[in-house]
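Spelled out, the chains give:
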Amino acid sequence: MSDTRIRDVRVILTEPDNIRLVIVKIETTEPGLYGVGCATFTQRPSTVKAAVEDYLRPFLLDKSVDDIEDVWQSSYVSSYWRNSGVLNNAMSGVDQALWDIKGKLAGMPVYDLLGGRAREAAAVYVHASGGTPEEVGDKMEAFMEKGFHHIRVQVDTPGYATYGTRGARKSAARPKSRKDQVSQGPIPVTSWLREYDPKTLYAHPGGVFEPKPYMRSALGLFEYIRGRFGYGVEILHDVHERIPPILGVWLAKEVEKYQLFFLEDLFPPEDQDYFRMVREQCATPIAMGELWNNPHEIIPMIRERLIDFIRIHISQIGGITPARKIAAMGELLNVRTAWHGPGDTSPVGHAANLMLDINTTNFGIQEYAIFPDRTKEVFPGCPEVRDGFMWPNGKPGLGIDIDEKLARKYPFKERAFGGAWDTVRRADGSVVRP
Ligand code: GCO
Ligand code: MG
């Protein structure tokens, strides 16, 4: 039991790679001893900052750094209403920072605090996307030459907004601000009966998404990839919750022959009961979780083995403390982890992911956003990825730091619409889940 206490709780906002990141730094009464944690909710960063500075900071000052579990449980009920993304991210920043401090005090990496290593490194997957299947294949080939064996593949749906590709907004010029946002009015009824002409579609920032053209493009991509590379490479795909559920059931059955490593976000959380239909009809491996904030969403899906991979964004459920319990539940039911790890998980969040990846028996795969050097310089100790694996550096705590002086070089930029996630719409103008 150390008598080290929390002296200050600060939030650092930075965006070295044009993605807004939120880091919590806990400074202690021990000179020079501090911890860092990821609290990144990139669409609502300033609300997380307020949740930390206005509520958790006064609640935590002068508490012992030792009792992470007590800090988490008391913070969890300190807002009375709980399980929200903003409050969970705030708690995650504190939680991960306290695990970082505990590791530094113990002189060991967090995975050793959790019981040591189940593996030396964590296999990762990276993102290959493109305008055509050939372009996706070329990106895959480049990744495979670098030793990556698991690759997420996403291809444009010509003329439409497609999640995970650069062509997302080809169907509409992206207005600079709300006042530039112009609607060309609804599409003429006649075009409803055939492939839409992108020039006549609703002009709005996120572009137009239609399920069937997307599904045909995705299936064409998998056919092409398996034809070009065979079955020796693992491919993953993210539906991103955009298609009507019954089409998702059909898609899961249709892709079974392509032997995906997993099919992600086939349904939105609101429709996740449909996974029962998928389980009854096919063996396509299912991944879900980045949109979960609440145990009530998570527990049934693991308890009933309705998923194969837990895709939770760890800061969205409150940090390492809850994540390790969910991983343990998954282990008992043989559901594997695949923690969310895009560019809007900070390098500190990737380091936290890695601590669990190294310790957890039911590890599945780790998503990895390839950070540019600019970002790695802001976060010394950013987990290293080579030969398709993410490697721990063995340093105490999370093994990562933040260079605050450099972080200040990348303040948040002004963004139209407050930096909202794209408003993607159907051709009739109705909103599509993101
Ligand atoms: C993924 C995710 C991300 C999210 C993004 C939201 O599988 O990595 O779907 O791409 O869309 O993190 O901010
Ligand atoms: Mg996803």
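Residues numbered from 1 in each chain as written. Chains lettered and ligands numbered in written order. Predicted model: local features only at pLDDT ≥ 70, side-chain atom pairs only at ≥ 80, totals over all residues. Heavy atoms only, no water.

A.B. asks: Help me understand the packing of helix 3 (residues 85-106) against helix 10 (residues 320-332), please; the structure alone is not making it clear to me.
C.D. replies: A pair of packed helices can be characterised by two numbers: the angle between their axes and the separation between those axes. Close contact between helix 3 and helix 10 brings their axes to 8 Å; oriented N to C, the two are set at 85°. Taken together, the axes of helix 3 and helix 10 are roughly perpendicular relative to one another. Touching Asp95, Gln96 and Trp99 of helix 3 are Ile320, Thr321 and Arg324, all from helix 10. For the contact of helix 3 with helix 10, the class distribution of residues is two nonpolar, two polar and two charged. (Axes fitted to C-alpha atoms, helices over the stretch in contact; angles between N-to-C directions. Helix = DSSP H or I, 4+ residues; strand = E, 2+ residues; numbered from the N terminus. Parallel < 35°, antiparallel > 145°, perpendicular 65-115°, else oblique. Contact = heavy atoms within 4.5 Å. Nonpolar A, V, L, I, M, F, W, Y, C, P; charged D, E, K, R; others polar.)

A.B. asks: Help me out: how do you make sense of the coordination of the magnesium ion (ligand 2) in this one?
C.D. replies: Geometry sets the ideal angles at a metal, namely 109.5 degrees for four tetrahedral donors and 90 or 180 degrees for six octahedral donors. The protein atoms that coordinate the magnesium ion (ligand 2) are Asp238 (OD), Glu264 (OE) and Glu290 (OE), at distances of 2.1 Å. Here the donor residues of the magnesium ion (ligand 2) share one chain and are spaced in sequence as D-x25-E-x25-E. Within this pair, whereas Glu264 is found in strand 7 (residues 262-264), its partner Glu290 is found in the loop between strand 8 (286-288) and helix 9 (295-303), the two being separated by 26 residues in sequence. The same class applies to Glu264 and to Glu290, which are both buried. (Donors = N, O, S within 2.8 Å, 3.2 Å for Na, K, Ca; no water. Buried < 20%, exposed > 50% of the residue type's maximum accessible area, 1.4 Å probe, protein only.)

A.B. asks: Help me out: how do you make sense of the pairing of strand 2 (residues 21-28) in this one?
C.D. replies: The side chains of a regular strand alternate between the sheet's two faces. In terms of burial, strand 2 is a largely internal element, eight of the eight residues being buried. Residue alternation in strand 2 divides its side chains into two sets, Leu21, Ile23, Lys25 and Glu27 and Val22, Val24, Ile26 and Thr28, and both sets are buried. Taking the residues between adjacent antiparallel strands as the criterion, strand 1 (residues 6-14) and strand 2 are bridged by six residues, where Asn18 takes a positive phi near 60°. As paired strands, strand 2 and strand 3 (residues 34-38) are joined by five bridges and run antiparallel to one another. Looking across to strand 3, one finds that Ile23 is bridged to Cys38. Connecting the antiparallel pair strand 2 and strand 3 is a turn made up of five residues, with Gly32 showing a positive phi of about 85°. (Pairing = 2+ DSSP bridges.)

A.B. asks: Before we go on, may I ask you to explain the side chain of Arg242 in this structure?
C.D. replies: Topologically, Arg242 is positioned in the loop between strand 6 (234-238) and helix 7 (245-254). With residues near it in sequence (within four places) discarded, Arg242 still touches Ala161, Thr162, Tyr163, Phe209, Val424, Val432, Arg433 and Pro434.

A.B. asks: Sorry if this is basic, but what is going on with the site of ligand 1 here?
C.D. replies: Taken together, 13 residues lie around ligand 1, and Tyr163, His240, Glu290, Asp344 and Glu367 are the ones closest in. One of the side-chain N or O atoms of His240 is found 2.8 Å from an oxygen atom in ligand 1. Glu264 places a side-chain nitrogen or oxygen 3.1 Å from an oxygen atom of ligand 1. If ligand 1 stood free it would expose 340 Å²; the protein chains cover 89% of that surface. When the residues that make up the shell around ligand 1 are grouped by side-chain class, the tally is three nonpolar, three polar and seven charged. (Near = heavy atom within 4 Å. Polar contact = N/O pair within 3.5 Å; in protein donor to acceptor, adjacent residues only side chain to side chain. Areas by Shrake-Rupley, 256 points an atom, 1.4 Å probe, with all protein chains shown as cover.)

A.B. asks: Help me out: how do you make sense of the environment of Arg303 in this one?
C.D. replies: Note on placement: Arg303 falls in helix 9. Note on Arg303: relative accessible area 48%, which makes it partly exposed. As a C-alpha pair, Arg303 and Pro158 span 145 residues in sequence and 40 Å in three-dimensional space.

A.B. asks: Whenever I open this one, the pattern of salt bridges confuses me. Can you help?
C.D. replies: Pairs can form between side chains of opposite charge whenever their charged atoms are close. Evaluation of the coordinates by the stated rule reveals 27 salt bridges. In this structure, the salt-bridge partner of Lys413 is Glu15, at a minimum N-O distance of 3.4 Å. Here Glu15 lies in the loop between strand 1 and strand 2 and Lys413 lies in the loop between helix 13 (404-407) and strand 14 (424-425), a separation of 398 residues in the sequence. Using a relative accessible area of 45% as the deciding quantity, one classes Lys413 as partly exposed. Residues Arg228 and Glu141 are paired through a salt bridge, measuring 2.4 Å at the closest nitrogen-oxygen approach. Here Glu141 lies in helix 5 (residues 133-145) and Arg228 lies in helix 6 (residues 211-229), a separation of 87 residues in the sequence. (Salt bridge = Lys/Arg side-chain N within 4 Å of Asp/Glu carboxyl O.)

A.B. asks: What's the story with the nonpolar core in this structure? I'm lost.
C.D. replies: Nonpolar side chains tend toward joint burial in soluble globular proteins. Core analysis: the largest hydrophobic core is formed by 123 residues, its most contacted members being Phe222 and Leu266. Sorting elements by how many residues they give to this core places helix 6 first, with eight residues. If we ignore the near neighbours within four places in the chain, the residues touching Leu266 are Val239, Glu241, Ile243, Gly248, Leu251, Ala252, Phe275, Val278 and Ile286. (Core = buried A, V, L, I, M, F, W, Y, C linked by side-chain atoms within 4.5 Å.)

A.B. asks: Please clarify how the packing of helix 5 against helix 6 should be interpreted in this entry.
C.D. replies: Running from N to C, helix 5 and helix 6 point in directions that differ by 45°, and their axes come no closer than 10 Å. Put simply, helix 5 runs oblique to helix 6. Where helix 5 crosses over helix 6, the two elements pack in a sense that is right-handed. Facing Pro133, Glu134, Val136, Gly137, Asp138, Met140, Glu141 and Met144 of helix 5, the residues of helix 6 in contact are Leu221, Tyr224, Ile225, Arg228 and Phe229. Across the contact of helix 5 with helix 6, the residue classes tally to eight nonpolar, one polar and four charged. (Left-handed = near helix turned anticlockwise from the far one by under 90°.)

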